[in-house]
Amino acid sequence: MNAEEIIQNEKDYVLGVFGRPPFVLTEGKGTTVYDSAGNGYLDLVAGIAVNVLGYGDAEVEQAIKEAASTGMYHTSNLYHTEPHTKLAKKLCETSFADKVHYCLCGASANEGAFKFARRYAREHGHEDKWEILAFSDAFHGRLFGALAATPREKYQQPFEPLMPGVRFADFNDLDDARAKMSDKVCAIIVEPIQGEGGINPATPEFLSGLRALADEYGALLIFDEVQCGLGRSGDLWAYQGYGVEPDILSAAKPLAGGLPMGAILMKQKVADTIHPGDHASTFAGNPFTTHVACTVVDRVAQPSFLADVKEKGQYLMELLAELNSPHILEIRGAGLIVGIELDIDANPIVEKGYEAGMLLLSAGEKIVRFVPPLTISKEELALAVSKLGAILQEL
Ligand SMILES: Cc1ncc(COP(=O)(O)O)c(C=O)c1O
């Protein structure tokens, strides 16, 4: 099929839940993706913070080959496999966690976390402790439970009723969180750095205040690190940059190098309250994805890899500041999750980016987001910023 036919077939056969630009991507190499006409686009999106090692990484490709060479045996949740166990050990050894449960995506990681929090409360004798405290501008996914904790009318209203019992406080407002807290809340869920909501880093006081609040009320603290975790912030896990530990952490996007996968990391006290049959999913933690994920985690967890992300993040911030564009109101983020708040609509900039050979993404109406492969070079960052500068000037 040529590009026109592919786009027409998509219109005819694929559910139209997303608007897409008028080109067809066919491959990626390094930090650049190519369309069917051979045009290259420097990728500042990485499939929305997914491909942390870029495209065509030799070790990821090798891991995929090894996994494929086993004949695609599949175990559901029934049998022991080595990659499944190895990955869990790596995740625990590099985080606060004592146990891992696998799932399929970010939303299912958060929903599993909610189930575990309710289970934890019940096991401690609190039958009426099942509510969740979440925050303004949060994004936790689009399944019924995760959506209930994602306070955007446009996403929620057409699908109501959602999971009941979610209350909201203002992000980074500890007084409001305290005011909304109650004995009925079994878990507080928060993104240490909000992604979809506009790249809003939590303040250290906010996260440590939530830790204290959760402890005071016997609730669990869940960090949603689906977007900001696994090296993106310059720490392996974003919470490590804050020095505040959660009881449960949800991870997904980058975990298996572009293959669909999520994981729920938890402390032993949570694991102790979960029993056989409580939660599972046919494809979760399958030997193929967990084998590839071992490679991703090994690479990203290297101190030198993380130091490089921090350095490049700093460099990116400096370059953006040097643009001195009157349209830029604020530059914020950590590592290579960076938001540029503008006084104008972000979508036309994303579109101009295509013409300039660059993939950009918005995060909210007036925020341009950079979440590139973490392997992006300084030269590529400089190129991206100069292209963005030219677009801003043109507008
Ligand atoms: C912080 C956060 N949580 C959860 C999700 C949902 O993940 P998924 O789309 O894999 O269900 C996302 C997706 O963007 C996210 O950014």
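Residues numbered from 1 in each chain as written. Predicted model: local features only at pLDDT ≥ 70, side-chain atom pairs only at ≥ 80, totals over all residues. Heavy atoms only, no water.

Trainee: Which parts of the structure should I look at to understand the environment of Asp343?
Mentor: Mapped onto the elements of the fold, Asp343 is located in the loop between β14 (337-342) and α14 (347-355). Residue Asp343 is classed as partly exposed on the basis of its relative accessible area of 37%. For the pair Asp343 and Gly40, spaced 303 residues apart in the sequence, the C-alpha separation amounts to 29 Å. Once residues within four sequence positions are removed from consideration, Asp343 is found in contact with Pro326, His327, Leu329 and Lys366. A distance of 2.8 Å separates polar atoms of two side chains, one belonging to Asp343 and the other to His327. (Helix = DSSP H or I, 4+ residues; strand = E, 2+ residues; numbered from the N terminus. Buried < 20%, exposed > 50% of the residue type's maximum accessible area, 1.4 Å probe, protein only. Contact = heavy atoms within 4.5 Å. Polar contact = N/O pair within 3.5 Å; in protein donor to acceptor, adjacent residues only side chain to side chain.)

Trainee: Would you mind going over the environment of Ala334 with me for this structure?
Mentor: Within the fold, Ala334 resides in strand β13 (residues 328-334). The exposure class of Ala334 is partly exposed, given its relative accessible area of 24%. Residues Ala334 and Pro22, spaced 312 residues apart in sequence, show a C-alpha to C-alpha distance of 32 Å. Setting aside chain neighbours within four positions, we find Ala334 in contact with Ile193, Arg232, Ser233 and Met317.

Trainee: For this particular structure, what's the right way to read the pattern of salt bridges?
Mentor: When their charged atoms lie close together, side chains carrying opposite charge are able to pair. Enumeration according to the criterion identifies 24 salt bridges in this entry. A salt bridge links Lys89 to Glu93; the nearest nitrogen and oxygen atoms lie 3.5 Å apart. Of this pair, Lys89 and Glu93 both sit in helix α4 (residues 82-93), separated by 4 residues, roughly a single helical turn. Among the residues examined, Lys89 registers a relative accessible area of 52% and is labelled exposed. The class for Glu93 is exposed, based on a relative accessible area of 58%. With its nearest N and O atoms 4.0 Å apart, the salt bridge here joins Lys267 to Glu245. (Salt bridge = Lys/Arg side-chain N within 4 Å of Asp/Glu carboxyl O.)

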